[in-house]
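Structural description and commentary
Residues per chain, in single letters:
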Amino acid sequence: MASALACFNIHAAEPTALERVEVTGSRIKRVDAEGAAPVQVLRREEIKASGAATVQELIRQLAASTTSLSDLSGSNSFAGGASSASLRNLGKQSTLTLLNFRRVAPYPLADYNQTFTNIDSLPLEAVERIEILKTGGAAIYGSDAVAGVINIVTRSDYEGLIAKVTGQSSLKNSQFNDRSATITGGFGSLNKDRFNVLANLDVYTRNGVMWNEVLDDVNPAYRTYSSGFGTPSSYSWPGNFRRRGADGKIALVPATNCPPAQIVSGLCQYDRYERFEATPASDRVTALVSGRLLISDTLEGFSELLFSRTKTSYQSAYDAYGDGIAPTVWGDPQTNGLKSFTPRGLPAGHPLNNTGAEAAFRYRFNDAGSSKVATTDQYRALAGLKGTFAGYDWETAVGVMGGKTTSDQRGSFSVDGFKEVIGDYTKPVLDADFFNKPNGYKLGQANSADVLNKLFPVFGYSATTKQYFLDGKLSGELGQWTGGAIGFASGFELRREEVDIGPRGGLERGDIVGYGSVRADASRNYGAVFGEVSLPLSKQLEMQAAARIDKFPGFSAHVSPKLSLRFQPNKEVLLRGTLETGFRAPNLTENAPSTKFAFNNNINDPKRCAQATAYSRDLKAQAAALPAGDSNKQLLTAQADSVTGECRVGVASIVAHNPKLKPETSKSLTFGAAFSPARDVALTADYWIIERKSEIGRKSTNDLLSIEDTLAPGVVNRLPLENDAYFDAAARAKYGVTAGRLASVVAQFENLFSTKTSGVDVSFKTQGNTPIGKLGLDAEATYVISYRAWVASRKGYGDNLAGRYDYPRWKSKMAVSHNLGKFSQVLSLHFTSSRLLNDDFNAPAWTVEDCAKTKGLTEAQCIVAPESRLDYNVSYDVTKALKLSANVRNLLDERPSTNYRAFGVGGIIPQDREDVQGRMLRLTAEYTFW
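Residues numbered from 1 in each chain as written. Predicted model: local features only at pLDDT ≥ 70, side-chain atom pairs only at ≥ 80, totals over all residues. Heavy atoms only, no water.

Turning next to the confidence of the model for the chain. Should the pLDDT be low somewhere, the predicted coordinates at that spot are not to be read in detail. Considering every residue of the chain, the mean pLDDT works out to 89; 95% of them sit at 70 or more. Scored below 50 in pLDDT, residues 1-21 makes 50 contacts in the model with residues more than four places away or belonging to other chains. (pLDDT = per-residue confidence, 0-100. Contact = heavy atoms within 4.5 Å.)

Structural data, given as structure tokens:
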């Protein structure tokens, strides 16, 4: 008989019958829900009450969930158009996402070197429950399950037909909205008809929003912090040009065809916020069909087909061009060297230049078509058999899964195209027809499609991934021991992996200004076997032992063992603990022949940031002394904001593959307890610690800059000081600038790092009947005690990052529920603790001292204050068939805490869309046809 503790967690009421089921964390079927490893289970009603419209939204609510890739902010990612899951701050590669206990194909595009499951491709409405194993799972599920496992379990043996429509919109700015529709049908009963078929179709669409639509509602604190925030740009169309006036003086003046409405402070201005995107548009379709057939009383056949199409459309800013724009440096895949692009002025004799020499100007290419569309088709098809034989349960399946992503982007210069339709910018003296070729690009005029296609070609990636798999497992009892039956499970998995990531449209030859590339074309065969034994040492004490042997080509077979204990002295108390090891073999993008070219943003240059900050303050003081309407006032302010770019500089990164990479290894330990002092009360508390070693990566730019003077030439590269874009000779002398602008860092993937993290998970559940209906309380929280990353230059761990920028100590959710007849409601409180803005010791920016000295922020401003959000969900059964519900996200309409670091020094673009979304209302209608 199951304990009261187990009964509460399975049913929250006295069960009439129990059957053995497979629970994430063990392959051995059992009746006890609380096993040796802590598993959080979200059931269908909880999922509905969460207000989440997608799997991504639901997972983000988990206390153990941490920051990871999102399609909302993936425009600059190598894997744009996808979302991933991450537990314990260990990254998307260390969290294994399963669908019905089996893998889902990885997203075709790797995020630089990281492969992951795109959770946007998974259906939410077909889900029966989601199980989150928080202790790792490498011994049972695979080598990459280091941080944990998220298992999404779909409905089984369902009969009926349900249609559901949902719409969500911001009550503050209605531009933020999304809609979804789903239909789920099932027919056939396994018990009566000996078969069941389930089909689900889910359609989702999200509206795109630009910042100019909602700028007035942005947190006023950002306007105070940045003088440039909310202002127009003098990089405009048709532009501003330096001209010699009748008095002989040279000044920046607007183009003659600049519309009068655009002329402000004597210059032709541009509303840059009309091309800064707050939310990208998204369209998704997911279809799931599964079937079960009872061939005999001891044999069942099953099959499953999953298909999804996701399309994310990003809009981006039109390129600004002219004086004040720093040179761009990027990697050349053909030579493994560097390329650079420096904006040039108009040559002497150009129709728009009467100065007699090359003259800088300010322009914006509003005909660039700047955008990015990522379209992905993913699938998984499998068929299998399961049954019983001689008292043992067995199961086997064969299948194929994969996907294809096409990423099309436009809006950046082609080097070849620029030289053809504009001119050669590398010449010391520009050709006379620079920006004035007969069939070339014309400034401030309409240009032909042929010219624009040469200057701004479509570029991007075509990527495919495919995996074939065969698996099998056997479970049952081996005999009796002192405390009961000895359970066991064993199985195997064979898999072939293929990946092909190909840059195109000029990326493959480094022709697109400022863009790196990733290439991979590789395949491998993989095999694994696992075994698990549950040994009841007594009626109260159970020991589980498991091991997995993984074999990847080029590496010796690796054994990942696991040991756990479960002690239940009585029905109210359970003590448990696990010890597990794991490993991750290099993926096909890390050790296959390739070189990756990327760009690191927001790097604080320790040799130029302090000087730039001082220079910026002086420029702002000069601007403040000028009268309103003076064009130089805006130019000086803009220059001041540009100079502070030295505190958030972009640096080209060139990283080579390494065939000598070794697998990453990990070990994790958990111990905790579960209590059930009453039938409807359950409390759990679990301590965990995870250490991952030999992590694959490259030395961070911050780490390299901290020891730059000790490095060999060619590792950190800087632009010549004499051609400095920000500091002229006088400024260099005045502010003590002795190093040129950062250009690039060169490295190789290595087994360099380690990560050690620890914390505590707690949960509390209770419910009971009262005179006003059934009341319930469900709370979960994660407290991060420590998070430390290995620093190669230090040859040891860095600071404890818990409580700093990306690592809040506390994250929690508490939900109070009420059910009365046809009416139910849930009030949920989400909480994230405060965090400092600085990172590790080797990143000196955003410390309290740096905030005061270089950014003008107080100690209170140099922190992200605690954040809380209250959500409310209410539903009503109008009839037996019709159910209406409403979810209010951010019920109190509170702003997120001010985050100056996300905004940036001299920031222009807001970073937090929730700041302007405010209160969100989601309405849902669900109709059951039968």
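There is more to say, and it comes next.
When you line up the elements, glycine 773 lands in strand 36 (residues 773-791). A residue is classified by how much of its surface remains accessible, and glycine 773, at 9% relative accessible area, is buried. Distance from glycine 773 to phenylalanine 823, taken between C-alpha atoms, is 9.5 Å for residues 50 residues apart in sequence. When sequence neighbours within four positions are dropped, the list of residues in contact with glycine 773 reads Gly768, His818, Asn819 and Leu820. (Helix = DSSP H or I, 4+ residues; strand = E, 2+ residues; numbered from the N terminus. Buried < 20%, exposed > 50% of the residue type's maximum accessible area, 1.4 Å probe, protein only.)

For the rest of this paragraph, the subject is the state of the cysteines. In total, this model carries 3 disulfides according to the counting rule given. Each disulfide pairs two cysteine sulfurs, and for cysteine 609 the partner residue is cysteine 647, the sulfurs being separated by 2.0 Å. Every disulfide takes its handedness from the sign of the S-S torsion; for cysteine 609 and cysteine 647 that torsion is 100°, giving right-handed. Of this pair, cysteine 609 sits in helix 7 (residues 609-625) while cysteine 647 sits in the loop between helix 8 (631-643) and strand 30 (649-656), and the two are 38 residues apart along the sequence. Bridging cysteine 851 to cysteine 862, the disulfide has an S-S length of 2.1 Å. Residues cysteine 851 and cysteine 862 share a disulfide whose torsion about the S-S bond is about 60°; that sign makes it right-handed. Placement of the pair is cysteine 851 in helix 11 (residues 848-854) and cysteine 862 in the loop between helix 11 and strand 41 (863-864), with a sequence separation of 11 residues. Each of the two residues, cysteine 851 as well as cysteine 862, counts as buried. Ordering the disulfide-forming cysteines of the chain by sequence position, one finds them joined as 1-2, 3-4, 5-6. (Disulfide = S-S within 2.5 Å.)

Now for the pattern of salt bridges. In a structure, side chains of opposite charge can pair up when their charged atoms sit close to one another. According to the stated counting rule, one finds 57 salt bridges in the structure shown. Close ionic contact of arginine 194 with aspartate 297 constitutes a salt bridge, the shortest N to O distance being 3.5 Å. Of this pair, arginine 194 sits in the loop between strand 7 (177-187) and strand 8 (195-206) while aspartate 297 sits in the loop between strand 15 (281-296) and strand 16 (299-315), placing them 103 residues apart in sequence. Overall, the relative accessible area of 31% leaves arginine 194 in the partly exposed class. (Salt bridge = Lys/Arg side-chain N within 4 Å of Asp/Glu carboxyl O.)

Residues Lys667, Lys693, Lys756, Arg788 and Arg794 make up a contiguous surface patch of positive charge. Its location among the elements puts arginine 788 in strand 36. (Patch = residues over 30% accessible without salt bridge, like charges linked within 9 Å, V, L, I, M, F, W, Y side chains within 5 Å. Areas by Shrake-Rupley, 256 points an atom, 1.4 Å probe, with all protein chains shown as cover. Lys, Arg positive; Asp, Glu negative; His and termini not counted. Charge placed at Lys NZ, Arg CZ, Asp CG, Glu CD.)

Moving on, we come to the side chain of arginine 495. Within the element layout of this structure, arginine 495 appears in strand 24 (residues 484-504). Only 3.4 Å separates the side chain of arginine 495 from the side chain of glutamine 467, close enough to count as a polar contact. Those residues in contact with arginine 495, other than ones at most four positions away along the chain, are Arg103, Gln467, Tyr468, Phe469, Arg524, Asn525 and Tyr526. (Polar contact = N/O pair within 3.5 Å; in protein donor to acceptor, adjacent residues only side chain to side chain.)

Spatial strand order, 11-10-20-17: 4 strands in an open sheet with antiparallel pairing. Because the sheet does not close on itself, it has two edges, and the strands there are strand 11 (250-254) and strand 17 (320-322). Averaged over all pairs of adjacent strands, the angle between their axes in this sheet comes to 25°, without regard to strand direction. Relative to strand 11, strand 10 (residues 240-244) runs antiparallel, the two being bridged by 5 bridges. (Pairing = 2+ DSSP bridges. Axes fitted to C-alpha atoms, helices over the stretch in contact; angles between N-to-C directions.)

Applying the stated rule across the entire model yields 45 aromatic pairs. Seen from their ring centres, tyrosine 363 and phenylalanine 365 are 5.0 Å apart, and the 85° between their planes marks the pair as edge-to-face. By the burial criterion, tyrosine 363 is buried, and phenylalanine 365 matches it. An angle of 70° between the planes, with centres 5.7 Å apart, marks the rings of tyrosine 392 and phenylalanine 488 as edge-to-face. In this pair, tyrosine 392 sits in strand 22 (residues 392-410) while phenylalanine 488 sits in strand 24, placing the two residues 96 residues apart along the sequence. Of note, lysine 386 hangs over the ring of phenylalanine 302, and the distance from its end group to the ring centre comes to 6.0 Å. For lysine 855, the ring lying beneath its charged end belongs to tryptophan 846, and the centroid distance is 4.7 Å. (Phe/Tyr/Trp six-rings, centres within 6.5 Å; stacked < 30°, edge-to-face > 60°. Lys NZ or Arg CZ within 6 Å of the ring centre and 35° of its normal.)

Here the focus is helix 7. Over its 17 residues, helix 7 extends 25 Å from the first C-alpha to the last, a length consistent with the 24 Å expected when each residue adds 1.5 Å. Inspection of helix 7 places Cys609, Gln611, Ala612, Thr613, Tyr615, Ser616, Leu619 and Ala623 among the buried residues, and these make up the whole buried set. (Expected span 1.5 Å × (residues − 1).)

Below, the discussion takes up the pairing of strand 44 (residues 920-928). Of the pairings in the sheet, the one linking strand 6 (residues 160-170) to strand 44 comprises 9 bridges and is antiparallel in character. Bridge pairing in strand 44 links valine 165 to alanine 925. Pairing of strand 43 (residues 882-889) with strand 44, which is carried by 8 bridges, proceeds in the antiparallel orientation. Within strand 44, the position partnered with asparagine 887 by the bridge is arginine 922.

Moving on: the pairing of strand 43. In the case of a regular strand, side chains alternate between the two sheet surfaces. Summarising the sheet, strand 42 (residues 867-877) and strand 43 pair through 6 bridges and their orientation is antiparallel. Within the sheet, the bridge partner assigned to asparagine 873 lies in strand 43 and is asparagine 887. What sits between the antiparallel neighbours strand 42 and strand 43 is a turn of 4 residues.

Membership of the largest hydrophobic core comes to 33 residues, with the highest contact counts inside it found for Ile130, Ile150 and Ile152. With sequence-adjacent residues up to four places away left out, isoleucine 150 is seen in contact with Ile59, Ala85, Leu87, Thr95, Leu96, Thr97, Leu98, Ile130, Glu131 and Ile132. Phe241, Tyr270, Phe341 and Phe434 belong to the second-largest nonpolar core, a separate cluster that totals 28 residues. (Core = buried A, V, L, I, M, F, W, Y, C linked by side-chain atoms within 4.5 Å.)

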